[in-house]
Structure formats: structure tokens, C-alpha cells
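Each chain is listed here by its residues.
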Amino acid sequence: MNTFLKGLITNSSNELISYADFIGAALYHPNYGYYMKDKQKIGRLGDFITTSNISDLYGRMMAKWFSNICTNGQLDPVFCEIGAGNGRFAEAFLQEWQETIKTPLKYIIVESSPYHRKLQRELLTNFPIVQVESLCEVEPFEGMIFSNELFDALPVHVIEKINGNLFEVMIGIKDNELFEQKVLLTNSDILFFLQECKMELRENQRIEVPLAMEKMLREISQSLIKGMVVTADYGYSLEEWMDPRRAKGSLRGYFQHQMINDVLQHPGEMDITTHIHFDYLIQKGEQAELELISKLRQDEFLLKVGILKELENHYDPKPFSEVSKRNRAIRSLIMPSGMSSYFHVVIQQKGIKLNERNVFVE
């Protein structure tokens, strides 16, 4: 247990902090936060894996799709990635752009983690990129803002309904061990969230409340004069949240590729994540001038941007050849049981008038 987290709790009112404060400290503290530490987090030797680490196809397909939109005169060739991790998506995107598209491109990476910024610089040394720590440093531009698994890593509050009353689940510490304590819900922002979402919790239902999402969407919108926002993440609609199977919420940790239900374990050493509220993201996006174009499952999105054209038609008997490996990667991205089926891609626009039909015209 790090000294900052101990102090944060013991110096707080009633010696309790919200889950949002705990997650913020556990993930983002400059010295003790999981994402800030100088250690591998993504891939086989880390704690979790992302779509862009399965294959370079994801980044390459996104580059081709973005190029088509720019060619049709709809957007300037400025691409901004928020939370680029180890830089694998950016590398695939920029390689595709350099090899087949070859027109001028400005690629901006917004990355708060010093460790990940270092990895990105090392990997992308042959590409002209602009690196900044926060969206506030980005001069408002025309183009596209993209994120992959950004919103699921934002701090969330946790609430629960018990005997007809709403409680916020808080975190305390005793004998160097973290514990939960429920207090009557008084946070007006959380109450307003429930009202806006028209969400009525069932008895004993627990759910995460993503208040930080609204601030992030406002910052994204402020960075964009005109263009598109593409968000790839996993989450639920309001209807899906109310399914009895979601009664315990979705907050969990990932530690050495093992899912951990108790996120109070290993603070600062473990990834913490939650499914996002898609309806709230769309609603708050609209309020921030980000109009919804489309929400698709990630496999559906990849099919629409032409991933099947990448499938090599000729047979290769060698299972470990580059052709065979590439074909397996394509299938893993579009199979109903594959990783992509758990993700959705939300496409929003600002200052332009597109629809799903002309967004995917090649």
C-alpha cells in the first residue's frame, strides 16, 4: 500500500474516499499510478491485451478508411489518437499511410503516461508524430479524434440500492487493508446522472457511474473545430445495464492476464476497468456538439471498412506463413466469438453533415 493512498484516505472526511478517487490514485498518480509506472502493461508480458496488439490490421484498416474520408473532401488529414499505449496501433496506421497512401498527414498522440510516451517514441522513431500529455495542449483542429479503450479506464463512482435506498460505496483503510463502506447517496452529480439516464436501480443492484466521461467528451469537442470522433470500447446500453446478469456492475481488475473481481487488491499494480455507458456517451456527446453518426459492433465496423478485401484468396499449406497468420488474424477480428464482438465503435461528428451510408463509401 503506497503512502499517498493511505494519506488520501486518512486525511479525507470520515476517512473514506469514493471509488472514483481510489481509481484515480491507483491508475493515474504521477508516481504510484499503474499507467504511470515504468513497467510493461500490454501484451503477453503485461496484464491485458488490446485489439491492435493482435494484429497490425486494425491500424491499417483505420488508416485506409480515414484516407477515403479525407480523399472525398470531408476531413483534413489530421489524426489524433488519445491514449496510444505502446504505440502499436499508431505504427500500423502510419506504416499503411506511408506505404500506400503517401499524402501529407499530421498524427497527434495524446498520452499522459511517461512510460508509454517513451515506448511510442522508440517504436515510431521513423515517423513524424506530435506527442502531448493532455488534450488541453492540442490546438483546435479539423480532422479525426480516435480512442481505443479510453473511456473504460476513467475513474467511476460506485452506487448500490439496499432496502429501497441508494448508497455510494466508499473506500476506507484499517490495519493496512482497504475495505468498502456504504454511505447514503448525497452526491448531486450522481443523482443527476440517474435522472438524465432515466435509470431506476433494482434492489441490491450495483452500478458504476462515469461522471468523468462528460468532462472528457467536452475536452474532445473543444479540441475539434470540425471533424469526426471515433470511440472503440466495450460497454452496455441502458437496457443491457438493467439485465439481472449485470446486477453486480462491471468493475474489475486485470493482473497478469487474470481477471480480479476485487479491485481493491494490488493498488497501483493492476489495471482497473469498467464497461462504459454507451447511451450516456451518446447523450453527453450530443450536448457537447458531437452528433451521432453510427454505433456498430467492432466486427461489423471492420467489415464495413473492407477488411474482407485483405483476406488472401490463395491457399497456403504452411500454417505459420505470413499469409496464413494474416488470414487467421482477420478471421479472429470478425468471427462472432472473437474479441471484436465484445467491442463497439461509436462514430460522432462535429460541424459536418455525414451519415452512415456516405461515411463508409469507398
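Since we're looking at a predicted model, the values are computed, not measured.

With that out of the way, let us pick up unusual backbone geometry. Here the phi dihedral of Lys102 falls at roughly 65°; this positive angle occurs in a residue that is not glycine. For Glu149, which is not a glycine, the phi torsion comes out positive at approximately 55°. Structurally, Glu149 can be placed in the loop between β5 (141–148) and β6 (157–162).

So, on to empty space enclosed by the protein. Inspection of every chain in the model, using the stated rule, returns 1 cavity of 30 Å³ or more. Put simply, the largest cavity is a space of about 70 Å³. Forming the walls of the largest cavity are 13 residues, and the residues nearest its centre are Phe151, Val156, Pro210, Met213 and Ile276. The element that contributes the greatest number of residues to the lining of the largest cavity is helix α8 (residues 211–223), accounting for 3 residues. For the lining of the largest cavity, a count of residues per class yields 9 nonpolar, 3 polar and 1 charged.

Attention shifts here to the packing of aromatic side chains. Taken as a whole and assessed by the stated rule, the structure comprises 22 aromatic pairs. Residues Phe66 and Trp97 carry aromatic rings whose centres are separated by 5.9 Å and whose planes lie at 40° to one another, so their mutual orientation is tilted. Of this pair, Phe66 sits in helix α4 (residues 57–71) while Trp97 sits in helix α5 (residues 88–101), placing them 31 residues apart in sequence. Across the pair, Trp97 and Phe66 agree in class, each one buried. For the pair Phe79 and Phe93, a centre-to-centre distance of 4.3 Å together with 35° between the ring planes defines the contact as tilted. Here Phe79, found in strand β2 (residues 78–82), pairs with Phe93, found in helix α5; they are 14 residues apart in sequence, far enough to count as distant. Since its relative accessible area comes to 0%, Phe79 is described here as buried. Assessed through its relative accessible area of 0%, Phe93 is described here as buried. Each residue in the set Tyr58, Phe66, Phe79, Phe89, Phe93, Trp97, Tyr107 and Phe146 is aromatic and connected to the rest through ring pairs, giving one cluster.

About the cut-offs
Residues numbered from 1 in each chain as written. Predicted model: local features only at pLDDT ≥ 70, side-chain atom pairs only at ≥ 80, totals over all residues. Heavy atoms only, no water. Helix = DSSP H or I, 4+ residues; strand = E, 2+ residues; numbered from the N terminus. 1 Å grid on protein atoms, 1.4 Å probe; cavity = no way out; pocket = protein on both sides within 12 Å on 5 of 7 lines; lining within 4 Å. Points joined across faces, edges and corners; volume = space filled by probe spheres on them. Nonpolar A, V, L, I, M, F, W, Y, C, P; charged D, E, K, R; others polar. Phe/Tyr/Trp six-rings, centres within 6.5 Å; stacked < 30°, edge-to-face > 60°. Buried < 20%, exposed > 50% of the residue type's maximum accessible area, 1.4 Å probe, protein only.

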